[in-house]
Amino acid sequence: MTLVGVVAVSHSRALADAAIALALEMTSQGGPAIAAAAGSADGGTGTDAARIAEAIAEVDSGAGVAVIMDLGSAIMSAELALEFVDPSLVPRVRLVAAPFVEGLLAAVVRAAGGATLDEVATEAAAAMRPKLEHLGSATAPQKPAPDGDIDAEAIVTVRNVAGLHARPAAIIAGVVSEFDAEVSLSVGERAAVSAESPIGIATLAAKAGTSVRITARGADAQAAVTRLQKLIEEGFGEELADLAAGVTAAPPVDSTPPPATGPIGVSAGRVIGPVVVLRRTVREPDAAERLSDGDVDAALAATTDARERVAADYRQRAASVEGQRRAVLDATVAMANDPAWTTGLTTRIRDNRVTPARATWETAAELAEQYRQAGGLFAERVTDLLDVRDRLIAALRGEQPPGLPDRREPYVLVADDLAPADTVTLDPTICLALVTEQGGPTSHTAIIARELGLPAIVGRAGATELVDGTLVLVDGDTGELIIEPDVAEQATATGVITLPPFVGPGVTSDGHRVLLSANVGAPRDVARAVERGAEGVGLFRTEFCFLDREAEPTIAEQVVEYRAVFSAFAGQRVVVRTLDAGSDKPLPFLTADNEPNPALGVRGVRTARRDPEVLKRQL
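Residues numbered from 1 in each chain as written. Predicted model: local features only at pLDDT ≥ 70, side-chain atom pairs only at ≥ 80, totals over all residues. Heavy atoms only, no water.

### Side note on the sheet that holds strand β15 (residues 480-483)
Strand order in this open sheet of seven strands is β9-β13-β12-β11-β10-β14-β15, and the pairing throughout is mixed. The sheet terminates laterally at β9 (264-267) and β15, the two strands that pair on one side only. Averaged over neighbouring strand pairs, the angle between their axes works out to 35° when direction is ignored. In this sheet, strand β12 (residues 431-436) lies alongside strand β11 (residues 411-415) in parallel orientation, the contact comprising five bridges. Each bridged residue has a counterpart across the sheet, and for Leu-413 the counterpart in β12 is Leu-434. (Pairing = 2+ DSSP bridges. Helix = DSSP H or I, 4+ residues; strand = E, 2+ residues; numbered from the N terminus. Axes fitted to C-alpha atoms, helices over the stretch in contact; angles between N-to-C directions.)

Here it is, written out as structure tokens:
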């Protein structure tokens, strides 16, 4: 029988050896393969990532390896060790957040009995529970009280890095609709939400490591539960976090607004152009207006019709684009179809007799507050929710929905925030950059700006107070927004539209030759660089031909894109940067949709450790 291996990571070799000896005394049938990765090479106190990697390889027999760590740098060393092991082995390694002695003992005993890696990790992570319960600690994990009328249930741990954010929530809602069952999800002691409600699912704030309870009633209850459990365990095709199994605590709800962080550059580039402010045209409906009894049914029918038309419009827009833009619009389609709207609208129209437009406004306010309280990624989806609201109200009134300005000349788009329906229709040959007052580095504005190669700043307070036509300089790297830049500041932009072309060669006043090169990140940048008189390319960002795609471009497709740049600068120097994707520039075929640690995440050349053929084909 193939057994799960165990690695003990400790600052002290003596402690590791003693804990291993104790654990082996508890096994009657002989222990699993176990190795100590403890202490420094000279016999002192410390941890060594290289030694941990060796130990993992030593004990692996194909069934997986559970790594039990003591504290502090032992955890960080274990995480670093995964960079050194064979990539094919990494999925079989589990770093377990268990108490060192109790966890090691539990892991060894369960592994010796032939348990799976998940079972070993679960047992180790729960090893502190008997002690806590015996001593009466209030922190002992408690199981949720069982429900009386349930046909099937399961408890599953969220594994994808970004958790049950908008897109996984939309996927879950879509899957549940295929079954003849009422399915609910719950976290900890919170009230259960319908699995058909992406909004409800998002408000659970279920992050990586959160334990989610699935319950179902109906003819297809078991099949539905099994399908959802598999979906969550597989992580929806996104990047998986290294988790210790058995985490059951619900994340705390923090309704405090996040602290102001100032403007953030979320998409690289430094351009200059005149401002166009996107102003919302949907006015708040009158709260005092009431329906007569005979108008209620017609009002409910009108809201259903409006929701169907708005969802169809989103769906049509999604069908016209690819990549991240399509994904975020698909999620917004699910948001528009969410049954949470039906509940809120029906109650307000039937019980309070408010108009359909007012019911839509109030329901959206309630749902938006739930999103804000969930925090993080969920709070950044409030803009998408309010865009659904605005389009519903416009449909009910027979008005044109809010949207982008109809412009022929280049401009910098400024808004309070941008919804997917706004950004997907942006023309990057006319729109030079984006500046929003709200949003964060993982908002849809940021994602789509990077995909389109548009410099972008989010969180710039007071941006919408600018007057249309005001000249601004936008730096999407630093988050800097310069209003009415002077000539010297204008000269620092790579997308200047107000200065005459540079006529080379570039030299200092004492005759030293200086090449004035351009940064190129998209096909439109090539034409601009040539027009501006650039003497070469100082940085060619090749990720532009990988973005907005579901699959990696072929070698032939890449050749066409690269040749366009080389041909434009024949005989001049072009500095090429290989694919820099990941974290803030996710690719469906290579990286996760979300990266919680953009500065130190898996991106750039690090992706080549996992998918070396992508870099090989690019080279």
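### Structural notes on the pattern of salt bridges
The full count for this structure, using the stated rule, is 23 salt bridges. Between Arg-270 and Glu-480 there is a salt bridge whose closest N-O contact spans 3.2 Å. One end of the pair, Arg-270, is in strand β10 (residues 270-277); the other, Glu-480, is in strand β15, and 210 residues separate them in sequence. One salt bridge in this structure joins Arg-358 and Glu-362, with 3.0 Å as the shortest N-O distance. In this pair, Arg-358 and Glu-362 are both assigned in helix α13 (residues 356-374), four residues apart and thus about one turn of the helix distant. Taking relative accessible area as the criterion, Arg-358 reaches 10% and is therefore assigned buried. Given a relative accessible area of 22%, Glu-362 falls into the partly exposed group. Where salt bridges share partners, they join Glu-284, Arg-348, Arg-358, Glu-362 and Glu-366 into one cluster. (Salt bridge = Lys/Arg side-chain N within 4 Å of Asp/Glu carboxyl O. Buried < 20%, exposed > 50% of the residue type's maximum accessible area, 1.4 Å probe, protein only.)

### Quick word on unusual backbone geometry
Within the chain, Arg-353 stands out as a residue other than glycine whose phi angle is a positive 60°. The topology assignment puts Arg-353 in the loop between α12 (339-352) and α13.

### Brief notes about a nonpolar patch on the surface
On the surface, a cluster of nonpolar side chains totalling about 200 Å² of accessible area is made up of Leu-15, Leu-22 and Val-101. Residue position: Leu-15 is located in helix α1 (residues 13-25). Judged by its relative accessible area of 36%, Leu-15 falls in the partly exposed class. (Patch = residues over 30% accessible without salt bridge, like charges linked within 9 Å, V, L, I, M, F, W, Y side chains within 5 Å. Areas by Shrake-Rupley, 256 points an atom, 1.4 Å probe, with all protein chains shown as cover.)

### A word on the packing of aromatic side chains
Taken as a whole and assessed by the stated rule, the structure comprises two aromatic pairs. A ring pair is formed by Phe-540 and Tyr-562, whose centres lie 6.0 Å apart and whose planes are at 85°; its orientation type is edge-to-face. With a gap of 22 residues between them, Phe-540 in strand β17 (residues 537-541) and Tyr-562 in helix α20 (residues 555-568) connect regions that are remote in the sequence. A relative accessible area of 10% means that Tyr-562 is categorised as buried. (Phe/Tyr/Trp six-rings, centres within 6.5 Å; stacked < 30°, edge-to-face > 60°.)

### Let's talk about α1
Here α1 is 13 residues long and its end C-alpha atoms lie 19 Å apart, about the 18 Å a rise of 1.5 Å per residue gives. All of the buried residues in α1 are Ala-16, Ala-19, Ile-20 and Ala-23. An end-on view of α1 places all buried positions within 100° of arc, on one side of the element. For α1, the exposed residues set more than 90 degrees away from the buried face come down to Ala-14 and Glu-25. The inward-facing, buried residues of α1 contact β1 (5-10), β2 (34-38) and α4 (100-112). For α1, the side-chain oxygen to backbone nitrogen distance between the N-cap and Ala-14 is 3.4 Å, and the N-cap itself is Ser-12. (Expected span 1.5 Å × (residues − 1). Arc of directions from axis to C-beta. Contact = heavy atoms within 4.5 Å. Polar contact = N/O pair within 3.5 Å; in protein donor to acceptor, adjacent residues only side chain to side chain.)

### Overview of the nonpolar core
Residues Leu-164, Ile-172, Val-183, Leu-185, Ile-214 and Leu-228 are the most contacted members of the largest nonpolar core, which totals 29 residues. Within the residue set of this core, elements represented by two or more residues are β5 (152-157), α7 (166-176), β6 (182-186), β8 (211-217) and α9 (221-234). Looking at this core element by element, the count peaks at six residues for α9. Grouped together as the second largest cluster of nonpolar side chains are 28 residues, Ala-299, Val-310, Ala-368 and Leu-392 included. (Core = buried A, V, L, I, M, F, W, Y, C linked by side-chain atoms within 4.5 Å.)

### With respect to the packing of α4 against helix α5 (residues 117-125)
The geometry of α4 relative to α5 is characterised by a closest axis approach of 8 Å and an angle of 150° between their N-to-C directions. With respect to their mutual orientation, α4 and α5 come out roughly antiparallel. Handedness of the crossing formed by α4 with α5: right-handed. Where α4 abuts α5, its residues Gly-103, Ala-106, Ala-107, Arg-110 and Ala-111 lie against Glu-119, Val-120, Glu-123 and Ala-124. A breakdown of the residues in the contact of α4 with α5 according to their chemical character gives five nonpolar, one polar and three charged. (Parallel < 35°, antiparallel > 145°, perpendicular 65-115°, else oblique. Left-handed = near helix turned anticlockwise from the far one by under 90°. Nonpolar A, V, L, I, M, F, W, Y, C, P; charged D, E, K, R; others polar.)

### Remarks on the packing of α1 against α4
In contact at an axis separation of 9 Å, α1 and α4 are set at 40° when each is read in the N-to-C sense. Here α1 lies oblique to α4, going by the angle between them. α1 and α4 meet at a crossing whose hand is right-handed. Contact with α1, carried on its side by Leu-15, Ala-16, Ala-19, Ile-20, Leu-22, Ala-23 and Leu-24, involves Phe-100, Val-101, Leu-104, Leu-105, Val-108 and Val-109 of α4 and no other residues of that element. The class makeup of the residues in the contact of α1 with α4 is 13 nonpolar, no polar and no charged.

### Considerations on the sheet that holds strand β16 (residues 518-520)
Across the sheet, which stays open at both edges, the three strands sit in the order β16-β17-β18 with parallel pairing between neighbours. Bordering the open sheet on either side are β16 and β18 (574-577), each of which pairs with just one other strand. Geometrically, the sheet is characterised by an average inter-axis angle of 20° between neighbouring strands, direction not taken into account. Summarising the sheet, β17 and β18 pair through three bridges and their orientation is parallel. Residue pairing for β18: Val-537 is matched across the bridge by Val-574.

### Here we look at the pairing of β1
With six of its six residues buried, β1 lies for the most part within the structure. Neither face of β1 is open: one carries Gly-5, Val-7 and Val-9, the other Val-6, Ala-8 and Ser-10, and all of them are buried. In terms of strand pairing, β1 meets strand β3 (residues 65-69) through five bridges, oriented parallel. Note on β3: the bridge partner recorded for Val-6 is Ala-66. Relative to β2, β1 runs parallel, the two sharing five bridges.

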